[in-house]
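Here are the chains, one letter per residue:
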Amino acid sequence: EVWVRAPYVLRLGAKGDDRPLSGTGRAAFGARYELSPRPLTYLAAAGGIVLPSTARSLRTDPDGTLHRDHLAVSGSLAFKQVLLDATAAWGVGEIVFPFANEDDDLAERDPPATFRFAAGSLFQIDDRFHASAGASFTRTNRDRVAGGIVPRSDQFRVDLLPEIGV
């Protein structure tokens, strides 16, 4: 299957903060192949291109510094195991590897790779509708500048993943 993802990021700011914190996230597109090695078990591999974000509000520091975003490639492995007639468990592991921009090359900076692991449950509500609930853990590696590691530059994020689909 071929997929396209264009997320909208909603961030709630602190009271009195007039900077916009919400905007479009990084659009991505790619392909995915799924197989079923045994009944009710599904495995999938996917690869894609992650486009740079154009949302200035998500790339601007409080001091006004605008950061360039990176073109990246992504790869993932996923599984789904049907447990009952209308319920399945799922999991996914993904890596996103960004390419250096021209300003990164000039500063001898290597953009960090990001790893994401997610798991959850899928519920079939009706023949046409489903719901899913899950959580993901994302880790972005430390920045490297001129061969050295920037201390405390790694990032960790935990997300809840509610979904309703057709």
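Because the structure is predicted, anything quoted here is derived from the model rather than measured.

Within the protein, the secondary structure is distributed over 1 helix and 14 strands. Counting contacts in the protein only where the partners sit at least 6 residues apart, residues at least 24 apart contribute 49% of the total. Approximately 11400 Å² of the protein is accessible, and the part contributed by carbon and sulfur atoms is 59%.

In this section: the environment of Val92. Checked against the element boundaries, Val92 lands in strand β7 (residues 87-98). Judged by its relative accessible area of 17%, Val92 is buried. On a C-alpha basis, the gap between Val92 and Lys80 in space is 9.0 Å, while along the polypeptide they are 12 residues apart. Every residue in contact with Val92, bar those within four places of it in the chain, is listed here: Ser76, Leu77, Ala78, Arg116, Phe117 and Ala118.

All right, on to the nonpolar core then. In this structure, Trp3, Ala28, Ala46, Val50, Ala72 and Val96 together form the largest nonpolar core, which totals 6 residues. Filtering out sequence-adjacent residues up to four positions away, Val50 remains in contact with Arg26, Ala27, Ala28, His70, Leu71, Ala72, Ser74 and Val96.

Moving on: the pattern of salt bridges. A full pass over the atoms with the stated rule returns 4 salt bridges. Among the salt bridges present, the one from Arg32 reaches Glu1, with a minimum N-O distance of 3.5 Å. Placement of the pair is Arg32 in strand β4 (residues 28-38) and Glu1 in the segment before β1 (2-5), with a sequence separation of 31 residues. As a salt-bridge pair, Arg157 and Asp159 come within 2.9 Å of each other at their nearest N and O atoms. Linked by salt bridges that have partners in common, Glu1, Arg32 and Glu34 make up one network.

Right, let's get into the pairing of strand β5 (residues 41-50). Two strands pair when backbone bridges link them, and β4 and β5 are joined in this way by 9 bridges, in the antiparallel orientation. Residue pairing across strands places Tyr33 opposite Ala45, the latter belonging to β5. Between the antiparallel neighbours β4 and β5 lie 2 residues, among them Leu40 with a positive phi of about 70°. Pairing geometry for β5 and strand β6 (residues 72-84), over 10 bridges, is antiparallel. Bridge pairing in β6 links Gly47 to Gly75.

The next thing to look at is the side chain of Thr138. Here Thr138 shows up in strand β10 (residues 130-140). Those residues within four positions of Thr138 in sequence are excluded, and the remaining contacts are Thr114, Phe115, Arg116, Gln155, Phe156, Arg157 and Asp159.

Before going further, it helps to spend a moment on a nonpolar patch on the surface. On the surface, a nonpolar cluster with roughly 550 Å² of combined accessible area is contributed by Val4, Phe29, Leu51, Leu71, Phe97 and Phe99. On the accessibility criterion, Phe97 (44% relative accessible area) is partly exposed.

Definitions and cut-offs
Residues numbered from 1 in each chain as written. Predicted model: local features only at pLDDT ≥ 70, side-chain atom pairs only at ≥ 80, totals over all residues. Heavy atoms only, no water. Helix = DSSP H or I, 4+ residues; strand = E, 2+ residues; numbered from the N terminus. Contact = heavy atoms within 4.5 Å. Areas by Shrake-Rupley, 256 points an atom, 1.4 Å probe, with all protein chains shown as cover. Buried < 20%, exposed > 50% of the residue type's maximum accessible area, 1.4 Å probe, protein only. Core = buried A, V, L, I, M, F, W, Y, C linked by side-chain atoms within 4.5 Å. Salt bridge = Lys/Arg side-chain N within 4 Å of Asp/Glu carboxyl O. Pairing = 2+ DSSP bridges. Patch = residues over 30% accessible without salt bridge, like charges linked within 9 Å, V, L, I, M, F, W, Y side chains within 5 Å.

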